[in-house]
Amino acid sequence: MKKKIIQRRINRNQYVNPEHIVKIDWLSHDEVFVIQIVTGERITLDKQESHDLMDYFDFKNPL
């Protein structure tokens, strides 16, 4: 089974592998996520990308 990756909407040549995310911050006023990946880079996802991330991870029932 292939693993899902998130294609950026701003730059269609850029992808985020959810397995490389080390930190996720939810910005409730904008309804978007800011993620930090293993390289230390922080990426602000747009609303659609944030919904894609919600489909990948189970935020309603965290461990």
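Quick notes on the rules
Residues numbered from 1 in each chain as written. Predicted model: local features only at pLDDT ≥ 70, side-chain atom pairs only at ≥ 80, totals over all residues. Heavy atoms only, no water. Pairing = 2+ DSSP bridges. Helix = DSSP H or I, 4+ residues; strand = E, 2+ residues; numbered from the N terminus. Axes fitted to C-alpha atoms, helices over the stretch in contact; angles between N-to-C directions. Contact = heavy atoms within 4.5 Å. Phe/Tyr/Trp six-rings, centres within 6.5 Å; stacked < 30°, edge-to-face > 60°. Buried < 20%, exposed > 50% of the residue type's maximum accessible area, 1.4 Å probe, protein only.

Caption draft 1: Representation of the sheet that holds strand 3 (residues 21–27). One open sheet accounts for 3 strands, arranged 3-4-5; its pairing is antiparallel. Among the strands making up the open sheet, the edge pair consists of strand 3 and strand 5 (42–44). On average, adjacent strands in this sheet sit at an angle of 20 degrees to one another, irrespective of strand direction. Where strand 4 (residues 32–37) lies against strand 5, 3 bridges are found, and the strand directions are antiparallel. Bridged to Ile35 within strand 5 is Ile43. Lying over the sheet, helix 1 (residues 47–56) contacts strand 3, strand 4 and strand 5, oriented at roughly 70 degrees with respect to strand 4.

Caption draft 2: Fine view of the packing of aromatic side chains. Enumeration over the complete set of coordinates arrives at 4 aromatic pairs. A ring pair is formed by Phe33 and Phe59, whose centres lie 5.0 Å apart and whose planes are at 20 degrees; its orientation type is stacked. Here the residue Phe33 occupies a position in strand 4, and Phe59 occupies one in the segment after helix 1, the gap between them amounting to 26 residues. For Phe33, a relative accessible area of 4% translates into the label buried. Judged by relative accessible area, which is 38%, Phe59 ranks as partly exposed. With 4.9 Å between their ring centres and 80 degrees between their planes, Tyr56 and Phe57 make a pair best called edge-to-face. Relative accessible area serves as the criterion here: at 31%, Tyr56 is assigned to the partly exposed category.

Read these as geometric descriptors, not functional statements.
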